[in-house]
Amino acid sequence: MFIPMATQGERRAATRQRLLDAAAELFAERGVEGSSVDAIAERADRTSGALYDHFGGKDGLLFALLDGWIDDVAVVIGAELVTATTLDERLVSIWRNVSDPPTGDDRWIELEHELWTYAVRNDAAREHLVKRYRAAWDGVDEAFAEWTQDGVHGVGAAVIGVLLGLQMMRRVDPAAVTDDLAIAALRGVVHTTTGASP
């Protein structure tokens, strides 16, 4: 009987995914600073050398984990926005994918908050976070410029801030942040910040 062997690429991909999964669990349980490279490697049943080989260290692993989830959500949102025709339909798509992401379960907001807290004390993490947020803000600005009659600019930071804040509050008390409230808050940010018409 022939038993196919995994290729080197498949083994590397499997190791990478095991490390990402282990880090997601430990970062959520213990925080970034409370999760050592050795503990992550042990949880993944891999070596610390494998972690350094794939990610360069714990910070690289954290960035890869969050960036991967954001990329997955961006693909889904992009596909949904193709069929959306109104500002509210677009806001609903964005909110739904942030509040109930297609990957990463609910851990992503915990890790986003953990990264923010970690970045306050770590310059390299802060620089990475600044680049990531600026790219997100620019993407939102470009989208809203296309979606509104007034060619809106400069709303990205406010929209992302409201999205993250609403999702954090929903994690604390799910009943406090309904979908309708979230959409109304996002709509209000866009209209108040820019005076845009839907």
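The coordinates are above.
These figures come from a predicted structure and were not determined experimentally.

A. How the structure looks around the packing of helix 4 (residues 58-81) against helix 6 (residues 107-121). Two numbers describe how helix 4 lies on helix 6: the axes approach to 11 Å, and their chain directions differ by 135°. By the angle class used here, helix 4 and helix 6 are oblique. Of the two elements, helix 4 crosses helix 6, and the hand of that crossing is left-handed. In contact with Asp59, Leu62, Phe63, Leu65, Leu66, Trp69 and Ile70 of helix 4, helix 6 contributes Arg107, Trp108, Leu111, Glu112, Leu115 and Tyr118. When grouped by side-chain class, the residues that make up the contact of helix 4 with helix 6 number ten nonpolar, no polar and three charged.

B. Structural context of the nonpolar core. Grouped together as the largest cluster of nonpolar side chains are 55 residues, with contacts concentrated most on Phe27, Ile40, Trp95, Phe144, Val159 and Leu163. With ten residues, helix 4 is the largest single contributor of residues to this core.

C. Molecular detail of the packing of aromatic side chains. With the rule as written, the count across this model stands at one aromatic pair. With a centroid separation of 6.1 Å and an interplanar angle of 10°, the aromatic rings of Tyr133 and Trp137 are classed as stacked. Here Tyr133 and its partner Trp137 are both found in helix 7 (residues 123-147), four residues apart, which amounts to about one turn of the helix. Between the NZ or CZ atom of Arg132 and the centre of the ring of Tyr133, over which it lies, the distance is 5.7 Å.

D. View of the pattern of salt bridges. According to the stated counting rule, one finds seven salt bridges in the structure shown. Among the salt bridges present, the one from Glu25 reaches Arg43, with a minimum N-O distance of 2.9 Å. With a gap of 18 residues between them, Glu25 in helix 1 (residues 8-30) and Arg43 in helix 2 (residues 37-44) connect regions that are remote in the sequence. When its relative accessible area of 35% is taken as the criterion, Arg43 is described as partly exposed. Salt-bridge contacts for Glu33 lead to Arg121; the nearest nitrogen and oxygen are separated by 2.9 Å. Taken together, the residues Glu33 in the loop between helix 1 and helix 2 and Arg121 in helix 6 connect sequence positions 88 residues apart. On the accessibility criterion, Glu33 (48% relative accessible area) is partly exposed. Salt bridges sharing partners connect three or more residues here, namely Glu25, Glu29 and Arg43.

Conventions we followed
- Residues numbered from 1 in each chain as written.
- Predicted model: local features only at pLDDT ≥ 70, side-chain atom pairs only at ≥ 80, totals over all residues.
- Heavy atoms only, no water.
- Axes fitted to C-alpha atoms, helices over the stretch in contact; angles between N-to-C directions.
- Helix = DSSP H or I, 4+ residues; strand = E, 2+ residues; numbered from the N terminus.
- Parallel < 35°, antiparallel > 145°, perpendicular 65-115°, else oblique.
- Left-handed = near helix turned anticlockwise from the far one by under 90°.
- Contact = heavy atoms within 4.5 Å.
- Nonpolar A, V, L, I, M, F, W, Y, C, P; charged D, E, K, R; others polar.
- Core = buried A, V, L, I, M, F, W, Y, C linked by side-chain atoms within 4.5 Å.
- Buried < 20%, exposed > 50% of the residue type's maximum accessible area, 1.4 Å probe, protein only.
- Phe/Tyr/Trp six-rings, centres within 6.5 Å; stacked < 30°, edge-to-face > 60°.
- Lys NZ or Arg CZ within 6 Å of the ring centre and 35° of its normal.
- Salt bridge = Lys/Arg side-chain N within 4 Å of Asp/Glu carboxyl O.

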